[in-house]
Amino acid sequence: MPLSPVRIVAALALVIASCLAGAATSPALSAPASAAPAAEPGVPVANLSSGGQTSCEVRPDATAWCWGDNKYGQLGLGTNQDRSVPAQVLGGAVWSSIDTSGSTTCGIQLDSSLWCWGANHRGQLGIGTNAASWHPVRVGLGAWQRVSTGWTNTCGVTTDGGLWCWGSNHFGQLGHGNTTDQRAPVQVGSSRRWVDVSVGGQHACGLVNDGRLLCWGRNNFGQVGVGDTKTRTKPRDVAVQGAWKSVSSGWRSTCATDTSGRGWCWGDNSSGQLGVGGSGATVPTHVPGNTWQTITVGDTFACGLDPAGATICWGSNRYGQLGDGQAILDARARRTAGPANWTAIDAGWYHVCGRTADGTRLCWGNNEQAQLALGGGDRTDRSTPNGAPSASPRFALRKQGRKFSVTTFNILGSQHTEPGGGVPYWAPGRLRSEWAADVIADTGSSIVAIQESQRDQVVALQKILGQHYDFWPGTSLSARHGWQTVMWDRRVWTREKAQNLELPVLGTTRPHPVIRLKHRKTGRKTWVINIHNSSKQTKERIRERAKALKKINRVVRKKRKTGAQVLLLGDFNDRKRAFCSVVGDTDLESVFGGSVTKKATKATKNKKNKKKKNVCRTPRGMGIDWIFHSPGLKNRSATRTRTPWVTSVADHPVVTARMKIR
């Protein structure tokens, strides 16, 4: 499509300005020894992209527009303010394609130049530094035909068939054969001619011009598709009869189509996102029923576009992302309500945007950051394309009588995985909260204690589990009070009292929730105390924990004098010291066993009276996360779980005890 003189002048001005500003930090790309045919300049290769909670599109006039979450400047507007309606990306009408993720966006202009903007804490902008940018910045001086962005890394294909990746490489997701981060593009081998690439959460897959599909990176759920769960730092062939046509990578699963139109998925299947039964697959598994033009992968769901233009989705439908007018956990394939003449679809974390044959763009699913572009500040989820509001997410939790379960785990606060956080190679807190809700539901616990919870994580948990669970303090108090939160199933317990216990933590004090719950069936009262003591093994922190334990024990003894039961839960950051202190100084017991007994010492010449000392026998396999209980609560069994699913949520195990009120 010819450009007007005004657009040509704008495009040239932008290119010249950006080259002057960015050439010093953006290395030029050298061409590989063999070159693949170049893409036709000025022809869009993708015009719609759904990211984490952001959406973008390139319109027929070559302008780029984005909307939704803008916390990291990923909308490319020069600010970090969210937008509930599309806003034009800075730079004018010069774009051919765009791709956005949870934190970063990249686009290719009509002259084949590549530009990125948003978060850059792992070098995912590819500009040679870790400096973030709220406006497009040019990447290198090469010519590009494809780009795909992830949470912390990016890959692109140049017009000569070279594949280049940059950003975070903790799991080898850059495909360079190592785990070293890169702030500028580095080529992935030089012997293949690549035609497309798809970056997932922590892995990536690419198509070669001979029809082969290769994947690499994190593989804890088999998402690389090579028959095992070992991390791969170099591209590995994904086998199938015939040749591959398209690929889409998610956080823990991957889907692709072959040239005969068959659909294949592999990786995690906890929500039915592979389109088949079972818990998962480490090799491509055929998606039954339809033939497909393409398949796009969200977090726990997928959607396919069939040859007739119908969109069919399957997997989790928590926010209505299957587009069928419902909002429940449902692994069945569902035809999206609304138009049947879709020409493009793309899935974000929990929403989908698509385009119909007449050029209309429609979005559905999760809308908490206005990523559906409904305007007017509307943040209501939609279970059909721009149609009916979604119902609240629903969980089927089993009823409990005298028997109940209790769970504790450190959810790993979202501040740790934010840009600049201490563990940036983890998934963001919003995603991990989603997975944590599934873990909680799987335990069937009526009392849950979580540590390090940040406001955004608690908000997500309340949205997902609020139908049955109450929270304290949740988001009702200041952020200082929200670090530790207790949840309880209101069908089993009612809250009678709530207070805070100030404990020394990391050189200051921090409140810890102490609540009294009444069991609906028996009327028995139980105090629940949720603890997170100081980390690290320095002398100062060890003294802090010892001081905190003494204060905790005093509170426990005081509560026990009232005749109420006590559950003491949390991340104590101590093994033997915590066990011996709590069990030795109170009448509480550990769900993992062990004992502390008083043993008389021999009398000495100077001391006629015998003294007693504690003899501490610790349980086997101790961790730093504990559940202690008073004798009126019988411990029936206890587990400390570290499955791949749990380890994708947090860096602590999930501790669960099955109990009974005597």
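Owing to the predicted nature of the structure, the values given are computational and were not obtained by experimental measurement. (Residues numbered from 1 in each chain as written. Predicted model: local features only at pLDDT ≥ 70, side-chain atom pairs only at ≥ 80, totals over all residues. Heavy atoms only, no water.)

Engineer: Quick question: what am I supposed to make of the overall build of the protein here?
Structural biologist: Along its length, the protein carries six helices and 41 strands. Per-residue burial over the protein gives 59% buried out of 662 residues. Put simply, 57% of the contacts in the protein that link residues at least 6 apart link residues at least 24 apart. Surface exposure of the protein reaches about 25000 Å², of which carbon and sulfur atoms provide 51%. (Helix = DSSP H or I, 4+ residues; strand = E, 2+ residues; numbered from the N terminus. Buried < 20%, exposed > 50% of the residue type's maximum accessible area, 1.4 Å probe, protein only. Contact = heavy atoms within 4.5 Å. Areas by Shrake-Rupley, 256 points an atom, 1.4 Å probe, with all protein chains shown as cover.)

Engineer: Before we go on, may I ask you to explain the side chain of Ser50 in this structure?
Structural biologist: Tracing the backbone shows Ser50 in strand β1 (residues 48-50). A relative accessible area of 5% means that Ser50 is categorised as buried. There is a polar contact of 3.3 Å between the side chain of Ser50 and the backbone nitrogen of Cys353. For Ser50, the contacting residues outside a window of four places in its chain are Ser55, Thr100, Asp346, Ala347, Gly348, His351, Val352 and Cys353. (Polar contact = N/O pair within 3.5 Å; in protein donor to acceptor, adjacent residues only side chain to side chain.)

Engineer: Explain the state of the cysteines here, please?
Structural biologist: Every disulfide links exactly two cysteines, by a covalent bond between their sulfur atoms. Taken as a whole, this structure holds eight disulfides when the rule is applied. Disulfide pairing is shown between Cys255 and Cys265; the S-S distance is 2.0 Å. With the S-S bond torsion at 110°, the cross-link from Cys255 to Cys265 turns out right-handed. Of this pair, Cys255 sits in strand β18 (residues 253-258) while Cys265 is found in strand β19 (residues 263-268), placing the two residues 10 residues apart along the sequence. Accessibility assignment for this pair places Cys255 and Cys265 in one class, buried. The disulfide partner of Cys580 is Cys616, and the S-S distance across this bridge is 1.9 Å. On the S-S bond that ties Cys580 to Cys616, the torsion sits near -90°, and the link is left-handed. Of this pair, Cys580 sits in helix α5 (residues 576-585) while Cys616 sits in strand β38 (residues 612-617), and the two are 36 residues apart along the sequence. (Disulfide = S-S within 2.5 Å.)

Engineer: Even after reading the chapter, I still don't get the pairing of strand β25 (residues 342-347), so can you show me in this structure?
Structural biologist: Consecutive residues of a regular strand have side chains that alternate between opposite faces of the sheet. As defined by bridge partners, β25 adjoins strand β26 (residues 351-356) across five bridges and the pair is classed as antiparallel. The partner of Ala347 across the bridge, within β26, is Val352. The turn linking β25 back onto β26 is made up of three residues. (Pairing = 2+ DSSP bridges.)

Engineer: In this structure, what is going on with the nonpolar core? I would like to understand it.
Structural biologist: One recurring pattern in soluble globular proteins is that nonpolar side chains are buried together. Residues Phe409, Trp435, Ile440, Leu461 and Leu465 are the most contacted members of the largest nonpolar core, which totals 34 residues. Of all the secondary-structure elements, those providing two or more residues to this core are α2 (429-443), β29 (447-451), α3 (455-465), β30 (469-472) and α6 (644-649). Setting aside residues up to four positions removed in sequence, Ile440 forms contacts with Phe409, Ser445, Val448, Leu461, Leu465, Tyr469 and Met487. (Core = buried A, V, L, I, M, F, W, Y, C linked by side-chain atoms within 4.5 Å.)

Engineer: Please explain the packing of helix α4 (residues 539-561) against α5 as it appears in this structure.
Structural biologist: If you want to describe how two helices pack, look at the angle between their axes and the distance between the axes. Two elements in contact, α4 and α5, have axes whose closest approach is 10 Å; the angle formed by their N-to-C orientations is 25°. Our classification of the angle between α4 and α5 gives roughly parallel. Helix-helix and strand crossings are classified by hand; for α4 and α5 the assignment is right-handed. Where α4 abuts α5, its residues Ile542, Leu549, Asn553 and Arg557 lie against Arg577, Ala578, Ser581, Val582 and Asp585. Residue composition of the contact of α4 with α5, grouped by class: four nonpolar, two polar and three charged. (Axes fitted to C-alpha atoms, helices over the stretch in contact; angles between N-to-C directions. Parallel < 35°, antiparallel > 145°, perpendicular 65-115°, else oblique. Left-handed = near helix turned anticlockwise from the far one by under 90°. Nonpolar A, V, L, I, M, F, W, Y, C, P; charged D, E, K, R; others polar.)

Engineer: Whenever I open this one, the sheet that holds β19 confuses me. Can you help?
Structural biologist: What links the strands of a sheet is backbone hydrogen bonding, and the strands pair in either a parallel or an antiparallel sense. Taking strand neighbours across the sheet as the criterion, the four strands line up as β17-β18-β19-β20 in an open arrangement whose pairing is antiparallel. Single-partner strands in this sheet number two, and they are β17 (244-249) and β20 (280-287). Averaged over all neighbouring strand pairs, the angle between strand axes comes to 20°, with direction disregarded. Sheet topology places β17 next to β18; five bridges connect them, and they run antiparallel. Across the sheet, residue Ser248 finds its bridge partner in β18, namely Cys255.

Engineer: Help me understand the environment of Asn80, please; the structure alone is not making it clear to me.
Structural biologist: With respect to the helices, strands and loops of the structure, Asn80 is situated in the loop between β3 (64-68) and β4 (83-88). As a C-alpha pair, Asn80 and Asn70 span 10 residues in sequence and 5.0 Å in three-dimensional space. In this structure Asn80 touches Asn70, Lys71, Gly73 and Trp134, once residues within four positions along its chain are discounted.

Engineer: I would appreciate a short explanation of the packing of α2 against α3 in the present structure.
Structural biologist: Relative orientation of the contacting elements α2 and α3 amounts to 40°, with a least axis distance of 9 Å. Considering the angle they form, α2 stands oblique to α3. Crossing geometry of α2 relative to α3 is assigned as right-handed. Packed against α2, whose contacting residues are Gly429, Arg430, Arg432, Ser433, Glu434, Ala436, Ala437 and Ile440, the element α3 presents Asp456, Gln457, Ala460, Leu461, Ile464 and Leu465 at the interface.

Engineer: Help me out: how do you make sense of α2 in this one?
Structural biologist: Working note: α-helix, 3.6 residues per turn, so residues spaced by three or four point in the same direction. Between its first and last C-alpha atoms α2 spans 21 Å; for 15 residues at 1.5 Å apiece the expected length is 21 Å, and the two agree. Most of α2 sits out of view: 14 of its 15 residues are buried. Backbone geometry just downstream of α2 places Gly444 in the positive-phi region, at approximately 65°. (Expected span 1.5 Å × (residues − 1).)

Engineer: Hey, could you run me through the pairing of strand β14 (residues 203-208) in this one?
Structural biologist: Counting buried residues in β14 gives six out of six residues, a clear majority hidden from the surface. Along β14, one buried face is formed by His203, Cys205 and Leu207 and the opposite face, lined by Ala204, Gly206 and Val208, is buried too. Alignment of strand β13 (residues 194-199) against β14, held across five bridges, turns out to be antiparallel. Paired with Val199 across the two strands is Ala204, which belongs to β14.

Engineer: How should I be thinking about the packing of aromatic side chains in this particular structure?
Structural biologist: The relative placement of two aromatic rings is captured by the distance of their centres and the angle of their planes. This structure, assessed with the given rule, holds 16 aromatic pairs. Between Trp244 and Trp266, the ring centres sit 5.9 Å apart and the planes meet at 65°, which makes this aromatic pair edge-to-face. Here Trp266 lies in strand β19 and Trp244 lies in strand β17, a separation of 22 residues in the sequence. Residue Trp244 shares its accessibility class with Trp266, and that shared class is buried. When the ring of Trp342 is compared with that of Trp364, the centres are 5.4 Å apart and the planes differ by 55°; the resulting orientation is tilted. One end of the pair, Trp342, is in strand β25; the other, Trp364, is in strand β27 (residues 361-365), and 22 residues separate them in sequence. Accessibility expressed as a relative area gives 2% for Trp342, which makes it buried. Overall, the relative accessible area of 0% leaves Trp364 in the buried class. An aromatic cluster of three or more residues is present, and its members are Phe221, Trp251, Trp435 and Trp645. In this arrangement the basic side chain of Lys559 is found over the ring face of Trp527, its NZ or CZ atom lying 3.8 Å from the centre. (Phe/Tyr/Trp six-rings, centres within 6.5 Å; stacked < 30°, edge-to-face > 60°. Lys NZ or Arg CZ within 6 Å of the ring centre and 35° of its normal.)

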